[in-house]
Amino acid sequence: AQSVSQHNHHVILSEAASLELGCNYSYGGTVNLFWYVQYPGQHLQLLLKYFSGDPLVKGIKGFEAEFIKSKFSFNLRKPSVQWSDTAEYFCAVKSAGGTSYGKLTFGQGTILTVHP
Amino acid sequence: DTAVSQTPKYLVTQMGNDKSIKCEQNLGHDTMYWYKQDSKKFLKIMFSYNNKELIINETVPNRFSPKSPDKAHLNLHINSLELGDSAVYFCASSQGALLYQETQYFGPGTRLLVL
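I will try to describe carefully the structure that is included in this document. (Residues numbered from 1 in each chain as written. Chains lettered and ligands numbered in written order. Predicted model: local features only at pLDDT ≥ 70, side-chain atom pairs only at ≥ 80, totals over all residues. Heavy atoms only, no water.)

Our focus in this paragraph is the overall build of chain B. Counting secondary structure elements, chain B contains 0 helices and 11 strands. In sequence order, chain B lays out its α and β elements as β-β-β-β-β-β-β-β-β-β-β. Scaling as 2.2 N^0.38, a compact globule of 115 residues should have a C-alpha radius of gyration of about 13 Å, and chain B matches this with 13 Å. Once the C-alpha set of chain B is aligned to its principal axes, its extents read approximately 40 × 30 × 30 Å. Expressed as a percentage of its 115 residues, the buried residues of chain B come to 46%. In chain B, once contacts between residues fewer than 6 apart in sequence are set aside, the share between residues at least 24 apart is 55%. Averaging the locations of the 12 positively and 11 negatively charged side chains of chain B gives two centres separated by 7 Å. (Helix = DSSP H or I, 4+ residues; strand = E, 2+ residues; numbered from the N terminus. Rg over C-alpha atoms; globule rule 2.2 N^0.38 Å. Buried < 20%, exposed > 50% of the residue type's maximum accessible area, 1.4 Å probe, protein only. Contact = heavy atoms within 4.5 Å. Lys, Arg positive; Asp, Glu negative; His and termini not counted. Charge placed at Lys NZ, Arg CZ, Asp CG, Glu CD.)

Structure below.
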């Protein structure tokens, strides 16, 4: 079965620091990749997604992610974080084949805390 | 103007009770989903409906029964609640039935606590 792992459970940064959150998935075939964000007290929102084409995708609020197929990775980055980026971030993968076809599989989430 | 809404937001109940969680989407989507987020924060799909038809049914106890009266609503009824059912339940929707290429939009979650 497909799985997604996020390397860090909790990341603590100061404002203006750079951010990289790791995400690796297990499925070897064609995938769609997503990053969702959940701000305190709010619902899950789509941050960015990769379906095909340029492996470097840009999302809302200055976030970007790079799909590296050979490493089965889709890491999330932001050059300079803000206090308002404090939230929980979820990586998710959908595969185009196998027993998990079409099902969105999530990582366990990374809590980001940004200190002013 | 909430796109995907769930009620209630919080639900505290005793073991053995029966409860329902409701979900509505106003996006005009054809497909809706229920996810369970366990204590380790993993979100796992439970069910999916497309135009009121069940299309995904993961290994979920049959105490859980989804019902879709129309494509804008997907309710989750849980019989004989157990302690292990305590979790956050998320509803989601997506445009169509081409599951691979669809983006899912999530509701705010319902936090269920079984005592």
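Having put the structure on the table, let's press on.
Helix and strand content of chain A: 0 helices and 12 strands. Taken over the C-alpha atoms alone, chain A extends approximately 45 × 30 × 20 Å along its principal axes. Sequence separation of 24 or more characterises 56% of the internal contacts of chain A that already satisfy a separation of 6 or more. Of the roughly 5,100 Å² of accessible surface on chain A, a fraction of 54% belongs to carbon and sulfur atoms. If you average the places of the 9 positive and of the 7 negative side-chain charges in chain A, the two averages end up 10 Å apart. (Areas by Shrake-Rupley, 256 points an atom, 1.4 Å probe, with all protein chains shown as cover.)

By the element assignment, B:Asn50 lies in strand β5 (residues 43-50). At a separation of 2.9 Å, a polar atom in the side chain of B:Asn50 contacts the side chain of B:Thr31. (Polar contact = N/O pair within 3.5 Å; in protein donor to acceptor, adjacent residues only side chain to side chain.)

Residues and elements named next belong to chain B. Scanning the entire structure with this criterion turns up 2 disulfides over all chains. Disulfide pairing places Cys 23 opposite Cys 91 at an S-S distance of 1.9 Å. Taking the sign of the torsion about the S-S bond as the criterion, the disulfide between Cys 23 and Cys 91, at about -80 degrees, is left-handed. Taken together, the residues span a long stretch of sequence, with Cys 23 in strand β3 (residues 19-25) and Cys 91 in strand β9 (residues 87-94) at a distance of 68 residues. (Disulfide = S-S within 2.5 Å.)

Here we take up the sheet that holds strand β8 (residues 73-78) of chain B. Residues and elements named next belong to chain B. Pairing in this open sheet of 4 strands is antiparallel, and the strands run β1-β3-β8-β7 from one edge to the other. At either margin of the open sheet sits one strand with a lone partner, and together these are β1 (4-7) and β7 (64-70). Taken pair by pair, the neighbouring strands of this sheet meet at an average axis angle of 20 degrees, ignoring direction. Examined bridge by bridge, β3 and β8 share 4 bridges and lie antiparallel to one another. For Ile 21, the partnering residue across the bridge sits in β8 and is Leu 76. (Pairing = 2+ DSSP bridges. Axes fitted to C-alpha atoms, helices over the stretch in contact; angles between N-to-C directions.)

Okay, the environment of A:Pro116 next. Residues and elements named next belong to chain A. Mapping Pro 116 onto the fold places it in the segment after β12 (110-115). Classification of Pro 116 as exposed rests on a relative accessible area of 77%. With 102 residues separating them along the chain, Pro 116 and Ser 14 place their C-alpha atoms 6.2 Å apart. Filtering out sequence-adjacent residues up to four positions away, Pro 116 remains in contact with Glu 15 and Trp 83.

Time to look at the pattern of salt bridges. Throughout the structure, instances matching the rule amount to 9 salt bridges over all chains. A:Glu64 is the salt-bridge partner of A:Lys58, the closest N and O atoms lying 2.9 Å from each other. Overall, the relative accessible area of 17% leaves A:Glu64 in the buried class. With a closest N to O distance of 2.8 Å, B:Arg63 and B:Asp85 form a salt bridge. Linking B:Arg63 in the loop between β6 (53-57) and β7 with B:Asp85 in the loop between β8 and β9, this pair joins segments that are 22 residues apart in sequence. Via salt bridges that share partners, A:Lys58, A:Glu64, A:Glu66 and A:Arg77 belong to a single interconnected network. (Salt bridge = Lys/Arg side-chain N within 4 Å of Asp/Glu carboxyl O.)

Right, let's talk about unusual backbone geometry for a bit. Residues and elements named next belong to chain B. Cis geometry is found at the peptide bond from Thr 7 to Pro 8, where omega equals -5 degrees. Tracing the sequence through the fold places Pro 8 in the loop between β1 and β2 (10-13). With a phi close to 75 degrees, Lys 52 is a non-glycine residue in the positive phi region. With respect to the helices and strands, the residue Lys 52 is situated in the loop between β5 and β6. Phi at Ser 80 is positive, roughly 45 degrees, even though this residue is not glycine. With respect to the helices and strands, the residue Ser 80 is situated in the loop between β8 and β9. Looking at Ser 80, the relative accessible area reads 38%, which means it is partly exposed.

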